[in-house]
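Letter by letter, the chains look like this.
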Amino acid sequence: MDITFHPHLDVYGVAIALIFVYEFGIRRLAGRYAPPGKPPVATVQRVMFYAGVIFLLISSTWPLHDIGEQSLYFFHMTEHMLITLVVPPLLLAGMPGWLMHALVEPFIPLLKVITRPWFTLVFFNVWLAFIHVPSVVELMLTNDFFHFFAHLVLFISAILMWWPVMDPIPETKTLAPFGKMGNLYLQSLVPTIPASFMTLGESPLYEIYTTFPRLWGIDVMTDQIIAGLIMKIGGGLILWVAIAWVFFSWYEDEQKHETGPVVVPSATASAGAGAE
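Residues numbered from 1 in each chain as written. Predicted model: local features only at pLDDT ≥ 70, side-chain atom pairs only at ≥ 80, totals over all residues. Heavy atoms only, no water.

1. Details of helix α9 (residues 134-142)
Given 3.6 residues per turn, any residue in an α-helix points the same way as the ones three and four places further on. All buried positions along α9 are accounted for by Val136, Val137, Met140 and Leu141. Projected down its long axis, α9 shows its buried positions confined to an angular sector of 135 degrees, all on one face. Exposed side of α9, more than 90 degrees from the buried face: Ser135 and Thr142 are the residues found there. Summarising the contacts, the buried residues of α9 are in contact with α3 (64-70), α4 (73-85), α8 (117-130) and α10 (144-166). (Buried < 20%, exposed > 50% of the residue type's maximum accessible area, 1.4 Å probe, protein only. Helix = DSSP H or I, 4+ residues; strand = E, 2+ residues; numbered from the N terminus. Arc of directions from axis to C-beta. Contact = heavy atoms within 4.5 Å.)

Right under this line is the structure:
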């Protein structure tokens, strides 16, 4: 098997476009849109945004993408997990609210529809299930254009899935904290269906992988089981971490807004004060 380096220009193009929009917005639009008296972007936001870009490059280029496409399915599954459950929330969290609002302002009426939780839940999971159908997996591995298209739609559906959880702009806010946790919980359930077929199956689910060279001597059934475990346990763990983040963020906000006990003067003290 040839795993020598070769460039993935399509992914590099997406990463460069993301960085260009981000830096152009911060440097050129901050004076017009950013809140006065505050830095246009916090250091932690910049770190998260660039972490998202780095994970996008790691997941969709050499060597991870190439191994998943030419030998081991669990590498392909790892790529899917990163571009749906890691990259989108990092990019959204790293985008200052004012910049996101400036970028999407013309599309806010559309976003109010396509970021509704029921729509994002159905869209993301239907597409996720579709690209795990054996015939679709084979088409992805034999047609580079369809492979890129399938991953692009998956990435967009993941952005929309995370949108009502991250609340990047106030105009599209639809869920209270417990609604966000419920939404993420449902997201953790649906992928267990294809994951079960992979981990419990007695024969290869994706025949095309039986024709590939087996890197590091990992047989096709072990490869399939690992892929299923990554989808079920790895993906579930990320979503449950997100649920915990929503809960503790909500709890912290409640503590900040909670008023202290009201001190009512006693009748004796009031009488004494009156006598004086």
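2. Topic: the packing of α4 against α10
Angle between the axes and distance between the axes: these two values describe a pair of packed helices. Running from N to C, α4 and α10 cross one another at 40 degrees; their axes reach a closest spacing of 8 Å. With respect to α10, the axis of α4 lies oblique. Contacts between α4 and α10 involve His76, Glu79, His80, Ile83, Thr84 and Leu85 from the former and His147, His151, Leu154, Phe155, Ala158, Met161 and Trp162 from the latter. Its residues assigned to classes, the contact of α4 with α10 shows seven nonpolar, five polar and one charged. (Axes fitted to C-alpha atoms, helices over the stretch in contact; angles between N-to-C directions. Parallel < 35°, antiparallel > 145°, perpendicular 65-115°, else oblique. Nonpolar A, V, L, I, M, F, W, Y, C, P; charged D, E, K, R; others polar.)

3. Some thoughts on the packing of aromatic side chains
In this structure the tally under the stated criterion is 19 aromatic pairs. A ring pair is formed by Tyr185 and Trp240, whose centres lie 5.9 Å apart and whose planes are at 75 degrees; its orientation type is edge-to-face. Taken together, the residues Tyr185 in helix α11 (residues 177-189) and Trp240 in helix α13 (residues 220-257) connect sequence positions 55 residues apart. Given a relative accessible area of 38%, Tyr185 falls into the partly exposed group. When its relative accessible area of 45% is taken as the criterion, Trp240 is described as partly exposed. For the pair Phe247 and Phe248, a centre-to-centre distance of 5.2 Å together with 80 degrees between the ring planes defines the contact as edge-to-face. Every member of this aromatic cluster is reached through a ring pair, and the members are Tyr73, Tyr206, Tyr209 and Phe212. (Phe/Tyr/Trp six-rings, centres within 6.5 Å; stacked < 30°, edge-to-face > 60°.)

4. Structural notes on α13
For α13, spanning 38 residues, the distance from its first C-alpha to its last is 55 Å, which sits close to the expected 56 Å at 1.5 Å a residue. Taking the largest bend as the criterion, α13 deviates by roughly 30 degrees, centred on Ile230. (Expected span 1.5 Å × (residues − 1). Bend = angle between axes of the 7 residues up to and from the residue.)

5. Overview of the side chain of Thr120
Mapped onto the secondary structure, Thr120 falls in helix α8. Among the polar contacts listed, one links the side chain of Thr120 to the backbone oxygen of Pro117, at a separation of 3.0 Å. Apart from residues no more than four positions distant in its own chain, Thr120 is found in contact with Ile114, Thr115, Leu160, Met161, Pro164 and Gln187. (Polar contact = N/O pair within 3.5 Å; in protein donor to acceptor, adjacent residues only side chain to side chain.)

6. Notes on the pattern of salt bridges
Considering all chains together, one arrives at five salt bridges under this definition. In this structure, Glu23 engages Arg27 in a salt bridge whose closest nitrogen and oxygen atoms are separated by 3.3 Å. With Glu23 and Arg27 both in helix α1 (residues 9-33) and four residues apart, this pair spans about one turn of that helix. By relative accessible area, Glu23 is classed as buried at 11%. Residue Arg27 is classed as exposed on the basis of its relative accessible area of 65%. Between Arg46 and Glu23 there is a salt bridge whose closest N-O contact spans 2.7 Å. With a gap of 23 residues between them, Arg46 in helix α2 (residues 43-60) and Glu23 in helix α1 connect regions that are remote in the sequence. By relative accessible area, which is 28% here, Arg46 ends up partly exposed. Bridged by salt links that share partners, the residues Glu23, Arg27 and Arg46 form one connected network. (Salt bridge = Lys/Arg side-chain N within 4 Å of Asp/Glu carboxyl O.)

7. Remarks on the nonpolar core
Within the largest apolar cluster, 72 residues are counted, with the highest numbers of intra-cluster contacts made by Tyr73, Trp162, Trp163, Leu184 and Tyr209. At 12 residues, the largest contribution of residues to this core is made by α10. Contacts of Tyr73, omitting those with residues within four sequence positions, involve His132, Val137, Met198, Tyr206, Tyr209, Asp223 and Ala227. (Core = buried A, V, L, I, M, F, W, Y, C linked by side-chain atoms within 4.5 Å.)

Take it as geometry only, folks, not as evidence of what the structure does.
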